[in-house]
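Descriptive structure summary
One letter stands for each residue in the lines below.
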Amino acid sequence: MDEFKIFKNWLRQASFLTEKDCSLFEPFLKTKNYNAKAYFLTEGKVCQEIGFVNKGCFRTYYLADGKEINTHFTFDNEFVTDYDSFLQSKPSRYFIQALEDVEAVTFNLSALQSAYNQSQNWERFGRMIAEQSFKLTTQRVESFLFLDGEQRYLDLLKNQPHIFERIPLYHIASYLGLERESLSRLRKKVAGK
C-alpha cells in the first residue's frame, strides 16, 4: 500500500495540486510514528518539519511559571508544526506532544522551497497553509480578547465537539484559559440548561 495515500488524497481534495505535483513532492516525504507522550517538538529547538497527521492527535503548549498552557490541538488530516519557528529557523517557544499514538507524513523546509520553485501549484499550497495558520492564530487571540470563559467553552462545544471525545478535560480547561474546577462547573451549568 502507498504509505502517503492519506496525505495525497487530502492534497487532491483540499487543493488544486495535480498528480504530477504530488509525484514531484513524494521523494521528500517521510512517514513517522510517535507514541503517546512523545514529542514532535520541544521548546528551544528549531522546528525542522511540517507534519500531516494521518491518524492521532497532538497538543501544542508552552510553560508559564511551570504550568502547561495548551494553545492548540491537531487531529487527523491536519498539519502540525510551529510555523514561525519552521519558516524563520528560530528556536520554538512551544512543545508539541502526541496525546495518542500518531502516524504523520513529514517534510522539511528545503523540500517545500524546492516544490515552490518547481510548481506554481505548490506556491499556492504554501499560501493556503500560511492563510490557515493566520486564521487559527487570529481566532485564538480574538477568543481571549472578546469572549469570556463560558463563551469560549460554548464556541468550542459548537465548532469542535470532537475535542471533548479525544482530549482530557484538564487539557481542554488549560486551552480555554480556565481552571479544571471552573470547567467542571461550566459543563454542569450548560448541561442543566
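Structure shown above.
Attention here is on the structure that accompanies the text. (Residues numbered from 1 in each chain as written. Predicted model: local features only at pLDDT ≥ 70, side-chain atom pairs only at ≥ 80, totals over all residues. Heavy atoms only, no water.)

Take helix α5 (residues 120-146) next. Helix length check: α5, at 27 residues, gives a terminal C-alpha distance of 38 Å against a target of 39 Å (1.5 Å per residue), a fit within 8%. Within the sequence span of α5, burial applies to W122, F125, G126, I129, R140 and S143. The opening residue of α5, the one whose side-chain oxygen lies 3.1 Å from the backbone nitrogen of N121, is S119. (Helix = DSSP H or I, 4+ residues; strand = E, 2+ residues; numbered from the N terminus. Expected span 1.5 Å × (residues − 1). Buried < 20%, exposed > 50% of the residue type's maximum accessible area, 1.4 Å probe, protein only. Polar contact = N/O pair within 3.5 Å; in protein donor to acceptor, adjacent residues only side chain to side chain.)

A separate point is the environment of Q118. Take Q118: it is sitting in helix α4 (residues 109-118). Among the polar contacts listed, one links the side chain of Q118 to the side chain of S114, at a separation of 2.9 Å.

Whether parallel or antiparallel, the strands of a sheet pair through hydrogen bonds between backbone atoms. Reading across the sheet, the 4 strands line up as β1-β8-β3-β6 and stay open at both edges, with antiparallel pairing between neighbours. The open sheet terminates on both sides in strands that have one partner only, identified here as β1 (30-34) and β6 (79-80). Relative to strand β8 (residues 102-108), β1 runs antiparallel, the two being bridged by 5 bridges. Directly across from K30, in β8, lies its bridge partner T106. Across the sheet, α4 touches β3 (49-55) and β8, and the angle it forms with β8 is around 60°. (Pairing = 2+ DSSP bridges. Contact = heavy atoms within 4.5 Å. Axes fitted to C-alpha atoms, helices over the stretch in contact; angles between N-to-C directions.)

With that out of the way, let us pick up the packing of aromatic side chains. Counting across every chain of the model gives 19 aromatic pairs. Here the aromatic rings of Y61 and F95 are separated by 4.9 Å at their centres, their planes lie at 10°, and the arrangement is stacked. Of this pair, Y61 sits in strand β4 (residues 58-64) while F95 sits in strand β7 (residues 95-98); the two residues are 34 residues apart in sequence, bridging distant segments of the chain. Across this residue pair, the class does not change: Y61 and F95 are buried. By way of ring pairs, the aromatic residues F7, W10, F25, F28, F52, F79, F107, W122 and F125 are connected into one cluster. When the ring centre of Y61 is taken as reference, the NZ or CZ atom of R59 above it lies at 3.8 Å. In this arrangement the basic side chain of R152 is found over the ring face of F144, its NZ or CZ atom lying 4.1 Å from the centre. (Phe/Tyr/Trp six-rings, centres within 6.5 Å; stacked < 30°, edge-to-face > 60°. Lys NZ or Arg CZ within 6 Å of the ring centre and 35° of its normal.)

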